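The lines below spell out each chain.
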Amino acid sequence: LLAEAEGMGDGGNITDGEIDALAEILGANSLLGSVDMTSCSRPGHETGLRSPNFDVRANKEIELLDMDEVNDIDVEETLNQIQNNDSSLTHIIFNNVPLEHEMVDSITSAMVDNTSVKKLEMCNCAITDDGIEGFITMLKTNKTLESLSIETNKINGKKLRELVQAMEYNETLRELRIANQYFTAGVGDEMAIAKALVNNLSLVKFSLNWKNGGARNSADRTIMRNNDVARKKRQGLS
């Protein structure tokens, strides 16, 4: 569908009407996935979430994807690599490893000045609201990270909102996944998240368990806009 979008519009520009039409066509397969289990790396390939993983809001069990293996990552060693800016470490997968608050803070603090890691996955790591300040600082300062996944943790709507608002200061992150939290975000939080997304031009993939249709539609339009911006950059149109 994105490939088809490149042919839409006059002179390579996608109009608001075409964005609306594409957002409706994309539907459940939108760039804003509600609960996308494939977003977190799978064991047997790169390690990931255990299954089954229960979606507490949808009151249903997410489709199993053969995620029975446990992540055997050496957390301390990986932290040392981040702190030492090891150039060989570009993709970190902490998925399914319960992390103490102090360790979460150590990881995000180390990521502030890291210039090697491009993808950080911390799904199902028992991250709570107390750890979000570190992620906010990281997003405001790190200029290398392109993908962050912190799905399936225990972060409330207010903290998710603050996290997304930090994206106003980030121009390099292309993918942010925060869906499937233990706590449900309120309508006010969802509207604030959608509004905050407008101030960012780099995100082309975003996940959240949307409940409010208006907020989701607004976010859809923003992500579609950002994909159009990225497409034109690739084609040398801007």
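Everything that follows concerns the structure shown earlier in this document.
Nothing here was measured: the structure is a model prediction, and the numbers come from that model.

Conventions used here
- Residues numbered from 1 in each chain as written.
- Predicted model: local features only at pLDDT ≥ 70, side-chain atom pairs only at ≥ 80, totals over all residues.
- Heavy atoms only, no water.
- Helix = DSSP H or I, 4+ residues; strand = E, 2+ residues; numbered from the N terminus.
- Expected span 1.5 Å × (residues − 1).
- Polar contact = N/O pair within 3.5 Å; in protein donor to acceptor, adjacent residues only side chain to side chain.
- Axes fitted to C-alpha atoms, helices over the stretch in contact; angles between N-to-C directions.
- Parallel < 35°, antiparallel > 145°, perpendicular 65-115°, else oblique.
- Left-handed = near helix turned anticlockwise from the far one by under 90°.
- Contact = heavy atoms within 4.5 Å.
- Nonpolar A, V, L, I, M, F, W, Y, C, P; charged D, E, K, R; others polar.
- Buried < 20%, exposed > 50% of the residue type's maximum accessible area, 1.4 Å probe, protein only.
- Core = buried A, V, L, I, M, F, W, Y, C linked by side-chain atoms within 4.5 Å.

Q: Would you mind showing me how to read helix α8 (residues 213-234) here?
A: For an α-helix, 3.6 residues make a turn, and residues three or four places apart therefore share a direction. With 22 residues, α8 should reach 32 Å at 1.5 Å per residue; the first-to-last C-alpha distance of 31 Å fits that figure. With a side-chain oxygen lying 3.0 Å from the backbone nitrogen of glycine 214, the N-terminal cap of α8 falls on asparagine 212. One or two positions beyond α8, positive phi appears at glycine 236, with a value near 70°.

Q: Sorry, what's going on with the packing of helix α7 (residues 187-197) against α8 here?
A: Think of two packed helices as two axes; the pair is described by the angle between the axes and how far apart they sit. It is the contact of α7 with α8, at a shortest axis distance of 9 Å, that shows an interaxial angle of 15°. In terms of orientation, α7 and α8 fall into the roughly parallel class. Seen from above, α7 lies across α8 with left-handed handedness. Listed contacts from α8 to Glu190, Met191, Ala194 and Leu197 of α7 are Ala215, Ser218, Ala219, Thr222 and Arg225. Here the residues of the contact of α7 with α8 sort into five nonpolar, two polar and two charged.

Q: In this structure, what is going on with the packing of helix α3 (residues 75-83) against helix α4 (residues 101-112)? I would like to understand it.
A: Where α3 contacts α4, the axes come no closer than 8 Å and their chain directions differ by 25°. Taken together, α3 and α4 sit at an angle that is classed as roughly parallel. The hand of the α3/α4 crossing is left-handed. Touching Val75, Glu76, Leu79, Ile82 and Gln83 of α3 are Met103, Ser106, Ile107, Ala110 and Met111, all from α4. Class assignment for the residues of the contact of α3 with α4 results in seven nonpolar, two polar and one charged.

Q: Hey, could you run me through the side chain of aspartate 189 in this one?
A: Residue placement: aspartate 189 occurs in helix α7. The exposure class of aspartate 189 is buried, given its relative accessible area of 15%. Apart from the residues lying within four places of it in its own chain, the contact partners of aspartate 189 are Gly157, Lys158 and Arg161.

Q: Honestly, the nonpolar core in this entry has me stumped. Any pointers?
A: For soluble globular proteins, nonpolar side chains are generally found buried alongside one another. Ranked by internal contacts, the top residues of the largest apolar core, which has 46 residues, are Leu99, Met122, Phe135, Leu148, Leu176 and Phe206. Secondary-structure elements contributing two or more residues to this core are α3, α4, α5 (132-141), α6 (157-165), α7 and α8. Setting aside anything within four residues of it in sequence, one finds methionine 122 in contact with Phe94, Asn95, Leu99, Ile107, Ile127, Phe135, Ser149, Ile150, Glu151 and Asn153.

Function-wise, these values are silent; they only describe arrangement.
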